[in-house]
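Chain by chain, the residues run as shown.
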Amino acid sequence: MDSVVLLQRQLVDYTAQLFNEGFLDDQFNQLQQLQDESNPDFVVEVVTLFFEDSERLLNELAKALEQQSIDYRKIDAHVHQLKGSSSSIGAQRVQKVCIAFRNYCEERNIEGCQKCLQQVKNEYSLVKTKLETLFKLEQQVLSAGGSIPWPM
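Computed from a predicted structure; not experimentally measured.

Criteria and thresholds
- Residues numbered from 1 in each chain as written.
- Predicted model: local features only at pLDDT ≥ 70, side-chain atom pairs only at ≥ 80, totals over all residues.
- Heavy atoms only, no water.
- Salt bridge = Lys/Arg side-chain N within 4 Å of Asp/Glu carboxyl O.
- Helix = DSSP H or I, 4+ residues; strand = E, 2+ residues; numbered from the N terminus.
- Buried < 20%, exposed > 50% of the residue type's maximum accessible area, 1.4 Å probe, protein only.
- UniProt positions renumbered as here; feature names shortened; annotations may be inferred.
- Phe/Tyr/Trp six-rings, centres within 6.5 Å; stacked < 30°, edge-to-face > 60°.
- Lys NZ or Arg CZ within 6 Å of the ring centre and 35° of its normal.
- Expected span 1.5 Å × (residues − 1).
- Contact = heavy atoms within 4.5 Å.
- Axes fitted to C-alpha atoms, helices over the stretch in contact; angles between N-to-C directions.
- Parallel < 35°, antiparallel > 145°, perpendicular 65-115°, else oblique.
- Nonpolar A, V, L, I, M, F, W, Y, C, P; charged D, E, K, R; others polar.

(A) Main features of the pattern of salt bridges. Evaluation of the coordinates by the stated rule reveals six salt bridges. Put simply, Glu 55 and Lys 128 hold a salt bridge, and the shortest N to O gap is 2.9 Å. In this pair, Glu 55 is assigned in helix α3 (residues 42-66) and Lys 128 in helix α6 (residues 110-143), connecting sequence segments 73 residues apart. A salt bridge links Arg 102 to Asp 76, with the shortest nitrogen-to-oxygen separation between them at 2.8 Å. With Arg 102 in helix α5 (residues 92-107) and Asp 76 in helix α4 (residues 72-89), this residue pair connects regions lying 26 residues apart in the sequence. Given a relative accessible area of 24%, Arg 102 falls into the partly exposed group.

Next up, the structure:
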């Protein structure tokens, strides 16, 4: 089997693994379908914006939870924004933690909020690493002269 076919198979298998492990959902497939020859970096650009926005929101959340007087409405607004952006790229596990996080905000439960902040940081870090690996695999396929077999 030639190297392009092997790389394509590796890409397909890795992508399937991300879906099977719940890192991504069908929204990611829909995002990929918006990419075409006129905008070949669309998905990478959208996901990069998600990374930048998420890191800003996670920093804001950490600061807000360190305050003497906790503003749960402000925290909930940040979590709501993170939930929406994670949902829009299909980062399912981040989105699910955000749902629990918002419930703790509603209950004004500082311990639950702090626990969820750690969980959402962890899930964000995992999905960021997984997506960066996915994009590297795509680049390897393209550099070897192959095409990306989307949608998968």
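(B) Region of the structure containing the UniProt feature "domain: HPt" (unreviewed entry) in the chain. In this structure's numbering, the residues bearing the UniProt feature "domain: HPt" (unreviewed entry) are residues 39-144. The straight-line gap between the two end C-alpha atoms of residues 39-144 is 20 Å; of that span, 88% is helix and 0% is strand.

(C) Just the packing of aromatic side chains, in detail. A complete count under the given rule lists three aromatic pairs for this structure. Centre to centre, the rings of Phe 51 and Tyr 124 are 6.2 Å apart; their planes meet at 80°, and the pair counts as edge-to-face. One end of the pair, Phe 51, is in helix α3; the other, Tyr 124, is in helix α6, with 73 residues separating them in the sequence. A relative accessible area of 6% means that Tyr 124 is categorised as buried. One aromatic cluster is present, built from ring pairs that chain together Phe 50, Phe 51 and Tyr 124. When the ring centre of Phe 23 is taken as reference, the NZ or CZ atom of Arg 93 above it lies at 3.8 Å. The side chain of Lys 128 reaches across the aromatic face of Phe 51, ending 5.5 Å from its centre.

(D) Structural detail: α3. A rise of 1.5 Å per residue sets the reference length of α3, with its 25 residues, at 36 Å; its end C-alpha atoms lie 37 Å apart and thus fit the reference within 8%. All buried positions along α3 are accounted for by Phe 42, Val 43, Val 47, Phe 50, Phe 51, Ser 54, Leu 57, Leu 58, Leu 61, Ala 62, Ala 64 and Leu 65. Looking at the buried positions of α3, the neighbouring elements they touch are α2 (26-33), α4, α5 and α6.

(E) Molecular detail of the packing of α5 against α6. Contact pair α5 / α6: the axes reach a minimum separation of 9 Å and the direction vectors enclose 170°. For the element pair α5 / α6, the angle class is roughly antiparallel. Here Arg 93, Val 94, Val 97, Cys 98, Ala 100, Phe 101, Tyr 104 and Cys 105 of α5 come into contact with α6, specifically with Gly 112, Cys 113, Lys 115, Cys 116, Leu 117, Gln 119, Val 120, Glu 123, Tyr 124, Leu 126 and Val 127. Grouping the amino acids of the contact of α5 with α6 by side-chain chemistry returns 14 nonpolar, two polar and three charged.

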